[in-house]
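# A closer look at the structure
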Amino acid sequence: MSLPEQLSLSISLQDDATFSNYWVSPSNQIPVKALSLFCKGEGEQSLLLWGFGGCGLTHLLQACLHKSCVPVAYLPLKDALDLNPNEVCANLERAALVCVDDVETLAGNAQWELAFFHLYNRLRDNGHRLLMASHINPSAIALTLPDLQSRLLGSVIYRVDSLSQEEKIQALQMRAKVRGIKISADVARFIIKRAPTRMKKMLTILEQLDNGSLRLQKKLSVRLAKQILDESA
């Protein structure tokens with residue numbers, strides 16, 4: 001299921017946002033396992049993931065959408081807040097699974113809080129599922145609608161931890177392997193130094209380096225990586 005055409009939202013899922021492409025650190029095994037079961041229709045009706053920037057919440061939400069076999073809808077709230085909330089949320093309850101990113105951006109927007117509250121209730125009444133992601137602790141979301149706050153905090157909540165330095169190296173090496181290349185830990189560290197907090201930026205750099213090494217027909221090293229990025233700067 002897609003969002004209503006009249007909203008003209010430019011929303012597309014990342015093809016590589018899958019569970020197989022997500023590096024699962026030991027501390028994130030429980031939330032990722034819970035999410036994979038949630039995709040299959042197991043567990044509670046509403047689930048909320050939260051974590052700080054760079055932990056991969058959007059990736060996990062989109063992975064759930066890719067894996068689901070039921071009609072789905074995806075709503076990144078930060079891209080929709082300037083639109084009419086009643087129009088955006090209209091009929092979304094027809095989707096068996098609705099994934100809502102950036103739920104913390106609802107705070108203080110009375111119209112959006114109310115529209116989302118009613119959407120939550122319609123999904124619940126239809127027996128459909130709601131998956132949410134917040135980039136701050138749900139208990140710290142300053143909602144002005146108490147009933148909506150109770151709905152969010154009544155969901156099953158999991159924290160997704162950011163990766164350690166060593167885990168980022170392993171994650172980059174895994175993603176490189178998916179692309180058919182092998183990178184050393186030193187190259188991975190070089191990429192991390194260029195984008196220390198955002199995995200999405202790191203993957204963009206990895207793609208740039210992969211393309212550059214193919215063009216030059218040279219094995220990717222730290223020296224070559226620096227040359228490729230300096231030439232494109």
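These notes cover the structure that comes with them. A quick note: this is a predicted structure, and the numbers were derived from the prediction, not measured.

A positive phi angle is found at Asn91, which is not glycine, with a value near 70°. As for its placement among the helices and strands, Asn91 is situated in the loop between helix H3 (85–89) and strand S3 (97–101). According to the relative accessible area criterion, Asn91 is partly exposed, its value standing at 38%. With a phi close to 60°, Asp102 is a non-glycine residue in the positive phi region.

Relative to each other, helix H7 (residues 185–194) and helix H8 (residues 199–216) sit at 125°, their axes nearing to 9 Å. What the angle tells us is that H7 and H8 run oblique. By crossing handedness, the relation of H7 to H8 is classed as right-handed. Contact with H7, carried on its side by Ile191, Ile192 and Arg194, involves Met202, Ile205, Leu206 and Leu209 of H8 and no other residues of that element. Here the contact of H7 with H8 is composed, by residue class, of six nonpolar, no polar and one charged.

What follows deals with the side chain of Ser25. Relative to the elements of secondary structure, Ser25 occurs in the segment before helix H1 (29–39). Its relative accessible area of 0% is what places Ser25 among the buried residues.

Rules and cut-offs
Residues numbered from 1 in each chain as written. Predicted model: local features only at pLDDT ≥ 70, side-chain atom pairs only at ≥ 80, totals over all residues. Heavy atoms only, no water. Helix = DSSP H or I, 4+ residues; strand = E, 2+ residues; numbered from the N terminus. Buried < 20%, exposed > 50% of the residue type's maximum accessible area, 1.4 Å probe, protein only. Axes fitted to C-alpha atoms, helices over the stretch in contact; angles between N-to-C directions. Parallel < 35°, antiparallel > 145°, perpendicular 65-115°, else oblique. Left-handed = near helix turned anticlockwise from the far one by under 90°. Contact = heavy atoms within 4.5 Å. Nonpolar A, V, L, I, M, F, W, Y, C, P; charged D, E, K, R; others polar.

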